[in-house]
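Observations on chain architecture
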Amino acid sequence: MTGLDVTTPAGLIRLCNAFCESKALLTAVELDLFTELHDNPATEEEIRERLGLHGRGLRDFLLLLTALGLLERQGKRYRNAAGADQYLVREQPTYIGGFMRRANDNLYPAYGKLSEALRTGLPQAQGDFDDVLRDPKVLGRFIHMMDALTQVLGPQLIEAYDFSAHGTLLDVGGCRGNLAGQIVKAHPDLTGTVFDLPQMEPFFTEHMASLGLSSKMTFNPGDFWNDPLPQADVVVMGHVLHDYDFERRRFLVEKAAAAVRPGGALLVYDRMLDEGPAQVENLVISLDMLLVSEGGSEYPVEELRQHAALAGFTSLEEKRLGDFDTLLICRRG
């Protein structure tokens, strides 16, 4: 909500109510409204019947989504606006609704306990990641949340770094391989490995088959706290370090450094905290980590530079990645 005039009562109240608009979007994704309207514009009554809704408040809900630029209205019929139709329709390759579903289930309730988190320093989200791993349905939602992020960042990472000089790629904490798959697909001479917890493997196998990459991609199950990382020319750690505190971030950078072959590189990206227009967005994500993790937070790029130098990297290059992420390219001589 940048750009609000918070020097006036109206601006402060507008900021106060911003969560209401967010919840309207999250609810529309939860109801799968945008998928329902894809190629099927509908009247208010048709939407009520298709989604099994009561009807009270529906007109205001649809008009709010229209005012927010998510729907368009022609006569009595509603249809998806361009952005919603591209990014919020399930089964579209550009779908990012998985992130929103996870935010709705996990982050939205947790933010109601932000004051308790600030008083105690303890996470407030229900359950922990072990609970996610035990429930394939919940794990699937988490994976789709990660896909929503890597679907956007993948092409940008491919543009930001020249992978063509290398033969092997390792994505640490790479989930079902959505990011690594994009990179390997763009560089046919590259083979890739995803290192993640064993519960991710069935999702990886299915996804690689759908991408036609089963022969070029390998899944290495393990726990990066206890198991060695496989060697590779390029090691990627994206949105991993922010899950942990300072000491654990340093440990993981050192472990990743040991997996980088001579002449290779470690690529780390996160919503790092530095001065600039992305600061508000990244501070919100850092508070997310307070609410859902034991010690995680976003961190300044200077901290990562120190970890990388201690781990033996001799060349460090910083780049912007998309609107909010910072990429640090750590090269080994």
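Just so it is clear, the model here is predicted, and its values are computed rather than measured.

Calculation notes
Residues numbered from 1 in each chain as written. Predicted model: local features only at pLDDT ≥ 70, side-chain atom pairs only at ≥ 80, totals over all residues. Heavy atoms only, no water. Salt bridge = Lys/Arg side-chain N within 4 Å of Asp/Glu carboxyl O. Helix = DSSP H or I, 4+ residues; strand = E, 2+ residues; numbered from the N terminus. Buried < 20%, exposed > 50% of the residue type's maximum accessible area, 1.4 Å probe, protein only. Core = buried A, V, L, I, M, F, W, Y, C linked by side-chain atoms within 4.5 Å. Contact = heavy atoms within 4.5 Å. Pairing = 2+ DSSP bridges. Axes fitted to C-alpha atoms, helices over the stretch in contact; angles between N-to-C directions. Expected span 1.5 Å × (residues − 1). Patch = residues over 30% accessible without salt bridge, like charges linked within 9 Å, V, L, I, M, F, W, Y side chains within 5 Å. Areas by Shrake-Rupley, 256 points an atom, 1.4 Å probe, with all protein chains shown as cover. Right-handed = clockwise from strand over helix to strand, strands pointing away. Phe/Tyr/Trp six-rings, centres within 6.5 Å; stacked < 30°, edge-to-face > 60°. Lys NZ or Arg CZ within 6 Å of the ring centre and 35° of its normal.

1. Points about the pattern of salt bridges
Under the definition given, this model contains 16 salt bridges. A salt bridge links R249 to E303; the nearest nitrogen and oxygen atoms lie 2.7 Å apart. Within this pair, whereas R249 is found in helix α13 (residues 246–259), its partner E303 is found in helix α15 (residues 301–310), the two being separated by 54 residues in sequence. The residues R249 and E303 share a single accessibility class, namely buried. Counted as one network, the salt bridges with shared partners bring together D32, R90 and R101.

2. A short note on unusual backbone geometry
Phi is positive for D39, which is not a glycine, with a value near 65 degrees. Mapped onto the fold, D39 is located in the loop between α3 (33–37) and β1 (42–43). Unusually for a residue other than glycine, C175 sits at a positive phi of about 60 degrees. Along the polypeptide, C175 turns up in the loop between β4 (168–172) and α11 (178–186).

3. What about the nonpolar core?
Counting residues in hydrophobic clusters, the biggest one holds 34 residues, and the most contacted among them are F142, L157, F163, L169 and L267. Looking at this core, the elements with two or more residues in it are α9 (129–134), α10 (136–160), α11, α12 (201–211), β6 (217–221), β7 (232–238), β8 (260–270) and β10 (325–331). Top element by residues in this core is α10. It accounts for eight residues. Residues within four places of F142 in sequence aside, it is in contact with R102, F129, V132, C175 and M200. Of all hydrophobic cores here, the second largest spans 28 residues; its members include L170, F224, V260 and L328.

4. Regarding the pairing of strand β2 (residues 71–74)
Where a strand is regular, its side chains alternate between the two sheet faces. Inspection of the sheet shows β2 paired to strand β3 (residues 77–80) by four bridges, in the antiparallel sense. Residue pairing across strands places E72 opposite R79, the latter belonging to β3. Between the antiparallel neighbours β2 and β3 lie two residues, among them G75 with a positive phi of about 65 degrees.

5. Section: the sheet that holds β6
If you trace the seven strands from one edge of the open sheet to the other, you get β6-β5-β4-β7-β8-β10-β9, paired in mixed fashion. This sheet does not close on itself; its edge strands, each paired only once, are β6 and β9 (315–321). Going from strand to strand, the sheet's axes swing by 20 degrees on average, the running direction of each strand aside. Strand direction decides the pairing type here: β4 and strand β5 (residues 191–196), joined by five bridges, are parallel. The residue of β5 that forms the bridge with T168 is T191. The strands touched by α10 within the sheet are β7, β8, β9 and β10, with β9 carrying the most contacts at an inclination of about 135 degrees. Seen against the sheet, α13 touches β4, β7 and β8 and runs at an angle of roughly 145 degrees to β8.

6. Points about helix α14 (residues 279–292)
In this model, α14 (14 residues) spans 20 Å end to end at C-alpha, consistent with the 20 Å of a helix rising 1.5 Å per residue. All of the buried residues in α14 are Q279, N282, I285, S286, D288, M289, L290 and L291. Elements that come into contact with the buried residues of α14 comprise α7 (97–111) and α8 (114–120).

7. Comments concerning the side chain of N178
Structurally, N178 is set in helix α11. Residue classification places N178 among the buried positions, given a relative accessible area of 6%.

8. Description of a nonpolar patch on the surface
On the surface, a nonpolar cluster with roughly 250 Å² of combined accessible area is contributed by V6, L12 and L15. Along the chain, the position of L12 falls in helix α1 (residues 9–16).

9. Let's talk about the pairing of β6
Bridge count between β5 and β6: five bridges; the pairing is parallel. Bridge pairing in β6 links V194 to F219. Where the polypeptide runs from β5 across α12 and back to β6, its parallel neighbour, the crossover connection is right-handed.

10. Some remarks on the packing of aromatic side chains
Given two aromatic rings, their pairing is described by the distance between the two centres and the angle made by the two planes. Here the structure, examined in full by the defined rule, presents six aromatic pairs. Ring geometry for F224 versus Y244: centroids 6.1 Å apart, planes at 85 degrees, classification edge-to-face. Residue F224 is located in the loop between β6 and β7, and its partner Y244 is located in the loop between β7 and α13; the two are separated by 20 residues in the primary sequence. With respect to class, F224 is no different from Y244; both count as buried. Put simply, the rings of F224, W225, Y244 and F251 touch in pairs and so form one group of aromatic residues. For the cation-ring pair, K23 lies above Y108, with the distance from its terminal atom to the ring centre recorded as 4.5 Å. The cationic tip of R332 hangs over the ring face of F313; the distance from NZ or CZ to the ring centre is 5.0 Å.

These figures capture arrangement, not role.
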